[in-house]
Each structure stands twice: as C-alpha cells, then as structure tokens.
Amino acid sequence: MKEDDDALQASIKMLERTSKGVECSELEAITFQGIQAVELRTGFLRCYFVIPIHAADQDGNWHAGAIATLIDGLGALTVNSFTGKSKASVDLTISLYYSAKIQEEVEIEAKVVGSRGKLTSVLVEVKRKGNGELIALGKNWMTSKL
C-alpha cells in the first residue's frame, strides 16, 4: 500500500511541476500550462483545461498535435500513478470527434483499463466541460522504459 501512495504522490507532484513549467521539457511546459487536477488517485486522473491560444491551429481550433501530446502525457502520468514506473508509449490511437475552440474549457479523464506484465493500457477521454460532448478519445499501451 505504501508503494501505491508513493507512486500517487510522485504523480501529483509531477503534474503540479509540469503545469508550472518546472523540471520538464519545453514541449511539456507549453502543452500542460494551466492544467488543473480535480481528482487524482491510483490509476485515475480527472482534470480541467482551458485551451490556450498557443495551442491553436490556423482556424482557431485546438491543434490536433497539441491534443495528442496532452493525451499521451496524461496517459503516462496516470500509468505512473498505477505502476510507480516511468513508461513509454508503444501503441497510441487517438480518435478526434469534434473540434474545440481556443479558451474553451474541457474535462479530461484518464484511467488505467488493463495491465499485463510490463504492459499497461490507459484510456483518455477529452470532453467539453459544459455538455460532456466527446472531443477526443485516446487509447494507449505503455511499457516500462528499458
């Protein structure tokens, strides 16, 4: 149980630091800027995120690459809270259903849905905060870094 608590606390600190641009890559700092964790427990994360202007595509929508980066990063953080180990993506599938505009607030929920040996699967849903409309869905298999 102590290991679970340690992994969870490490994940909470990692999300806090990354959202402030501390001890992370420039890409992570830009992607996670301003994200707010609402609930984080072992194998589960819920957060709110106001889409920043620097994440816009040419039409003023949330750029697909920025969505993918956020899904991958939050998936990894959620898996870390479950396993206590850093993971690398080996299979990432993202479906984009609707666009979201800059300054729109979204709710993101990530949950570990399976684990087998060194592989862990996480599902990440991005929804409009107001009506729950699904914007994007990410499915990610991750493995322990070698």
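Residues numbered from 1 in each chain as written. Predicted model: local features only at pLDDT ≥ 70, side-chain atom pairs only at ≥ 80, totals over all residues. Heavy atoms only, no water.

Some words on the pattern of salt bridges
So the rule is basically this: Salt bridge, as applied in this entry: a Lys or Arg side-chain nitrogen positioned within 4 Å of an Asp or Glu carboxyl oxygen. Any residue under 20% of the maximum accessible area for its type is buried, any over 50% is exposed, and the rest in between are partly exposed; the area is computed with a 1.4 Å probe on protein chains only.
Inspection of the entire model under this criterion finds nine salt bridges. For the salt bridge of Glu-39 with Arg-41, the shortest nitrogen-to-oxygen distance reads 2.1 Å. Classification of Glu-39 as partly exposed rests on a relative accessible area of 28%. Among the residues examined, Arg-41 registers a relative accessible area of 41% and is labelled partly exposed. Note that Glu-105 is salt-bridged to Lys-129, the shortest N-O span being 3.6 Å.

A word on the layout of surface pockets
What counts, and what does not: Computed over the protein atoms alone on a 1 Å grid, cavities are sets of points where a 1.4 Å probe fits but cannot get out and pockets are open sets with protein on both sides within 12 Å along at least five of seven lines; a residue lines them when it has an atom within 4 Å of a point. Grid points are joined across faces, edges and corners, and a volume is the space filled by probe spheres set on the points. A run of H or I in DSSP becomes a helix once it reaches four residues, and a run of E becomes a strand once it reaches two; helices and strands are each numbered from the N terminus.
What the largest pocket holds in volume is close to 440 Å³. Considering the residues around the largest pocket, the lining is formed by 23 residues, among which Met-14, Glu-28, Gly-73, Ala-76 and Leu-77 are closest to the centre. For the lining of the largest pocket, the secondary structure elements donating two or more residues are helix H1 (2–19), helix H2 (26–32), helix H3 (64–83) and strand S3 (87–96). The element that contributes the greatest number of residues to the lining of the largest pocket is H3, accounting for six residues.

What about a nonpolar patch on the surface?
What counts, and what does not: Residues enter patches when they are more than 30% accessible in relative terms and free of salt bridges; like-charged ones are connected within 9 Å and nonpolar ones (Val, Leu, Ile, Met, Phe, Trp, Tyr) within 5 Å. Areas reported here follow the Shrake-Rupley algorithm with a probe of radius 1.4 Å; residue values treat only the protein chains shown as occluding.
Taken together, Val-90, Leu-119 and Trp-141 make up a surface patch of nonpolar side chains, about 250 Å² in accessible area. Assignment of secondary structure puts Trp-141 in strand S6 (residues 134–144). Given a relative accessible area of 34%, Trp-141 falls into the partly exposed group.

So, the sheet that holds strand S2 (residues 44–50)
Selection criterion: Strands are labelled as partners when DSSP assigns at least two bridges between them. Axis lines are fitted through C-alpha atoms, for helices just across the contact stretch, and the angle between N-to-C directions can take any value from 0 to 180 degrees.
With antiparallel pairing, six strands are arranged side by side in an open sheet as S1-S2-S4-S5-S6-S3. Unpaired on one side and paired on the other, strand S1 (36–41) and S3 mark the two borders of the sheet. The mean angle between the axes of side-by-side strands here comes to 15°, regardless of whether they run parallel or antiparallel.

Let's talk about the confidence of the model for the chain
The line we're drawing: Values of pLDDT, which run from 0 to 100, indicate the predictor's confidence residue by residue.
In the predicted model, the chain carries a mean pLDDT of 88, and 95% of its residues have values of at least 70. No element of the chain has a lower mean pLDDT than H1, which averages 70, and none a higher one than strand S5 (residues 119–128), which averages 97.

Here's the deal with H3
As a reminder of what qualifies: Residue count minus one, scaled by 1.5 Å, sets the expected span of a helix.
The terminal C-alpha atoms of H3 lie 28 Å apart, and with 20 residues this matches the ideal 28 Å at 1.5 Å per residue to within 8%. Those residues of H3 not exposed but buried are Ile-67, Leu-70, Ile-71, Leu-74, Gly-75, Leu-77, Thr-78, Val-79, Asn-80 and Ser-81.

Observations concerning the UniProt feature "domain: Thioesterase" (unreviewed entry) in the chain
Rule in force here: UniProt positions are given in the numbering used here, feature names are shortened, and annotations may be inferred rather than shown by experiment.
Annotation from UniProt places "domain: Thioesterase" (unreviewed entry) at residues 60–133. Split by type, residues 60–133 is 27% helix and 43% strand. Its first and last C-alpha atoms lie 19 Å apart.

Structural notes on the side chain of Thr-31
The line we're drawing: Here a polar contact means two N or O atoms within 3.5 Å. Within protein one must be a hydrogen donor candidate and the other an acceptor candidate, and residues neighboring in sequence count only if both atoms are side-chain atoms. Residue contacts are defined here by distance: any two heavy atoms, one from each residue, within 4.5 Å place the two residues in contact.
Structurally, Thr-31 is set in helix H2. A polar side-chain atom of Thr-31 sits 2.8 Å from the main-chain carbonyl oxygen of Leu-27. When residues no more than four places from it in sequence are discounted, the contact partners of Thr-31 are Phe-49, Ala-66, Thr-69 and Leu-70.

Here we look at the pairing of S5
Most of S5 is tucked away, with eight of its 10 residues classed as buried. Taken together, the 10 bridges between strand S4 (residues 105–116) and S5 define a ladder with antiparallel strand orientation. Across the sheet, the residue bridging to Ser-115 is Thr-120, located in S5. The sheet contact formed by S5 and S6 spans nine bridges and is antiparallel. Paired with Val-124 across the strands is Gly-138, a residue of S6. Connecting S5 to the antiparallel partner S6 that follows it, the hairpin turn spans five residues, and Gly-132 within it adopts a positive phi of roughly 75°.

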